[in-house]
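What follows is the residue order along each chain.
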Amino acid sequence: MLGGAGVLLGVSAGTAQAAEVAYATECIPPAISGLPPVQGTTKVEITAPAEAKVGDEVEVVWKFVQAASKNPNILDLEQNTVQPTGTLKAAGAQTGDIAMQGPRENPPIPKNSDMKLSDMKGKLKLTAPGEVTLTPDAYNINVNKPISTDTKCTPKEAVKQGATIKVTGAGGSSGGTTGGLPTVIPTLPTGVPTGLPTGSSSPTPSESETGGDDGGASTGGAAGGGGGGQSDFTGKEVQVPYKCKTPIGDKEATSPVQINAKKNGGSFDLTVQFKKSVMDSPADIPKDSVKPSMEVALGGADKGTVHVEGPTNSEDIKSGEPIEIPDLTGTYKPGASGESTLSPGVLTIKALGTTTTCTPAKSEVSLTLDTSEQASGASGGGSAGGSAGGSSTNGGLAATGAEDHGTLKALGLVAGTALLLGGAVFTFMPGRRTR
């Protein structure tokens, strides 16, 4: 990188010159947004001294006349949430990359309006006499609310030079830094989400381990609960086809889910697990921002639903770190005697003020239990039994993927929307291991 410890020139440099350059640009929205690449035109104005001497350190300014795309018609961007960084190419008498950075300063940017990006500045230490040309190259746009995301924009044609500095004199040392400006352009996750988030780390016991010997084949669950002293009941992993209502529209997804139970007097402690998926987070997720819950559907002898929920994320999750949906837990108090079935029901995930609701397209029984009617039990009512799990929070997040429904994008949301230039959504990404 070019730059150094020379004195930054102002008055002693030649008169500043400014030249506007326009070039075709492709901008890649965050992979978390599910939006396709955007083709547009970037217009910038490069300002630099017309003349300077070897050994001088000069300041170069990159002004955005026009970004490659507007803020899409989805979300208003708050004031001072957008920051550009970029690279300016030096060629001619000396070559190299000049790191450019602008302050996080912008007016409120309404949806479906032009992006407003601050001026970027960088420093160049002149090391050889002759003409040094300055040409704009790739740039990155970061939006830091409600989570930090980046959009990377690159030229799609040869770009004309934006300014030329005539360097005179001899001597001067080369090398150095860029005055403390960053020299690495942020990159984005590129994976496409294909699995619904899960969180159980416990293995699935075999039928022989659970002791269930009736109801498993036809209902998919371990039966029991009324005899033989059995207290633990392991359900079958079932593929649940979900139809989801999200802040960016309707989505379909299929997820593997398993319901397990532990007898507790006349009631059962339930645990719902999302299976076979471990994800890496493509963006920073704040602590206590994600809250999942489900209404387990009852059938057979009993009717109604049982509310189960999981805790919020107890720590901040950094981009690239594994992220899991925790086990959902709750208590089932039977409202009827006989053979009762339990199926994954409506899934609700909240985060940062938004809600995504996923409803099964068809019922898939995971567990069958022999139940005895309890006072104030479930039969026919709404949410049955007490809920369990961690602290509650306002906000929502859902991320699903389905092999049967093709590649799905942006089904998990934070702040309920996708932004083209720096965004507010993320989806879970499949990891490299399964349970």
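Rules and cut-offs
- Residues numbered from 1 in each chain as written.
- Predicted model: local features only at pLDDT ≥ 70, side-chain atom pairs only at ≥ 80, totals over all residues.
- Heavy atoms only, no water.
- Helix = DSSP H or I, 4+ residues; strand = E, 2+ residues; numbered from the N terminus.
- Contact = heavy atoms within 4.5 Å.
- Disulfide = S-S within 2.5 Å.
- Buried < 20%, exposed > 50% of the residue type's maximum accessible area, 1.4 Å probe, protein only.
- Salt bridge = Lys/Arg side-chain N within 4 Å of Asp/Glu carboxyl O.
- Pairing = 2+ DSSP bridges.
- Phe/Tyr/Trp six-rings, centres within 6.5 Å; stacked < 30°, edge-to-face > 60°.
- Polar contact = N/O pair within 3.5 Å; in protein donor to acceptor, adjacent residues only side chain to side chain.
- Patch = residues over 30% accessible without salt bridge, like charges linked within 9 Å, V, L, I, M, F, W, Y side chains within 5 Å.
- Areas by Shrake-Rupley, 256 points an atom, 1.4 Å probe, with all protein chains shown as cover.
- Lys, Arg positive; Asp, Glu negative; His and termini not counted.
- Charge placed at Lys NZ, Arg CZ, Asp CG, Glu CD.
- Core = buried A, V, L, I, M, F, W, Y, C linked by side-chain atoms within 4.5 Å.

Participant: Any chance you could explain the environment of Ser 314 here in plain terms?
Facilitator: Tracing the sequence through the fold places Ser 314 in the loop between β20 (304-309) and β21 (322-323). For the pair Ser 314 and Val 290, spaced 24 residues apart in sequence, the C-alpha to C-alpha distance is 9.4 Å. Among residues more than four places away in sequence, those in contact with Ser 314 are Lys 287 and Asp 288.

Participant: Please clarify how the state of the cysteines should be interpreted in this entry.
Facilitator: Counting across every chain of the model gives 2 disulfides. Residue Cys 27 pairs covalently with Cys 153 via a disulfide, S to S 2.1 Å. Handedness here is read from the sign of the S-S torsion; for Cys 27 and Cys 153, about 110°, the answer is right-handed. Here Cys 153 lies in strand β12 (residues 149-155) and Cys 27 lies in strand β2 (residues 16-28), a separation of 126 residues in the sequence. Of the residues examined, Cys 27 reaches a relative accessible area of 1% and is grouped as buried. We classify Cys 153 as buried; its relative accessible area is 1%. Here Cys 244 connects covalently by a disulfide to Cys 358, the sulfurs 2.1 Å from one another. Between Cys 244 and Cys 358, the S-S torsion sits near 110°, and that sign places the bridge as right-handed. Note that Cys 244 is positioned in strand β15 (residues 238-246) and Cys 358 in strand β24 (residues 354-360), a separation of 114 residues in sequence. Each bonded cysteine of the protein gets a number by its place in the sequence, and the pairs then read 1-2, 3-4.

Participant: Looking at this model, I keep getting lost on the pattern of salt bridges. Mind explaining?
Facilitator: Under the defined criterion, the tally for this structure stands at 8 salt bridges. Across the pair Lys 156 and Glu 26 runs a salt bridge, and its minimum N-O distance is 3.9 Å. Taken as a pair, Lys 156 in the loop between β12 and β13 (163-168) and Glu 26 in strand β2 lie far apart in primary sequence, 130 residues in all. Judged by relative accessible area, which is 48%, Lys 156 ranks as partly exposed. The exposure class of Glu 26 is buried, given its relative accessible area of 18%. Between Lys 89 and Asp 97 there is a salt bridge, with its nearest N and O atoms 2.9 Å apart. On the basis of relative accessibility, which here comes to 33%, the residue Lys 89 falls in the partly exposed class.

Participant: Would you explain the pairing of strand β5 (residues 57-66) in this entry?
Facilitator: Remember that side chains alternate between the two faces of the sheet whenever the strand is regular. Bridge count for strand β3 (residues 38-49) against β5 is 5 bridges, and the pairing is antiparallel. Paired with Thr 47 across the bridge in β5 is Val 61. By the bridge criterion, 6 bridges tie β5 to strand β10 (residues 120-125) in an arrangement that is antiparallel. When the bridges of β10 are listed, Glu 59 appears paired with Lys 123.

Participant: For this particular structure, what's the right way to read the pairing of β13?
Facilitator: Two strands pair when backbone bridges link them, and strand β4 (residues 51-53) and β13 are joined in this way by 3 bridges, in the parallel orientation. Across the sheet, Lys 53 pairs through a bridge with Thr 168, a residue of β13. Two strands pair when backbone bridges link them, and strand β11 (residues 130-143) and β13 are joined in this way by 5 bridges, in the antiparallel orientation. Note on β13: the bridge partner recorded for Leu 134 is Ala 163.

Participant: Looking at this structure, how should I read the packing of aromatic side chains?
Facilitator: Two aromatic rings, taken as a pair, are described by how far apart their centres are and by the angle between their planes. Tallying each qualifying case throughout the model produces 5 aromatic pairs. An angle of 70° between the planes, with centres 5.1 Å apart, marks the rings of Phe 64 and Tyr 139 as edge-to-face. Here Tyr 139 lies in strand β11 and Phe 64 lies in strand β5, a separation of 75 residues in the sequence. Classification of Phe 64 by relative accessible area gives buried; the value is 10%. Here Tyr 139 falls in the buried class, since its relative accessible area comes to 0%. Ring geometry for Phe 268 versus Tyr 332: centroids 6.1 Å apart, planes at 25°, classification stacked. Of the two residues, Phe 268 sits in strand β17 (residues 267-274) while Tyr 332 sits in strand β22 (residues 328-332), which places them 64 residues apart along the sequence. In this structure, Phe 268 and Tyr 332 share a single accessibility class: buried. Each residue in the set Trp 62, Phe 64 and Tyr 139 is aromatic and connected to the rest through ring pairs, giving one cluster.

Participant: I'm lost on the environment of Gly 345 in this one. Help?
Facilitator: Topologically, Gly 345 is positioned in strand β23 (residues 338-351). When the C-alpha atoms of Gly 345 and Ala 297 are compared, they prove to be 5.2 Å apart, with 48 residues separating the residues in sequence. If near-sequence neighbours (up to four positions away) are discounted, Gly 345 is found in contact with Tyr 242, Met 294, Glu 295, Val 296, Ala 297, Cys 358 and Pro 360.

Participant: Would you explain the side chain of Lys 291 in this entry?
Facilitator: Inspection of the secondary structure assignment puts Lys 291 in strand β19 (residues 291-300). A polar atom in the side chain of Lys 291 sits 2.7 Å from the backbone oxygen of Gly 310.

Participant: Please clarify how a negative patch on the surface should be interpreted in this entry.
Facilitator: Taken together, the side chains of Asp 284, Asp 288, Glu 315, Asp 316 and Glu 321 present a region of like negative charge at the surface. Inspection of the secondary structure assignment puts Asp 284 in the loop between β18 (279-280) and β19.

Participant: I keep staring at the nonpolar core and nothing clicks. Help me out?
Facilitator: Within soluble globular proteins, side chains that are nonpolar tend to cluster in buried spots. Counting 35 residues, the largest nonpolar core has Ile 46, Trp 62, Val 82, Leu 88, Leu 134, Tyr 139 and Ile 165 as its most contacted members. If we ignore the near neighbours within four places in the chain, the residues touching Leu 134 are Ile 46, Ala 48, Val 60, Leu 88, Lys 89, Ala 90, Ile 98, Leu 124, Gln 161, Gly 162, Ala 163 and Ile 165. Core analysis: the second largest hydrophobic core is formed by 30 residues, Ala 261, Leu 270, Val 306 and Tyr 332 among them.

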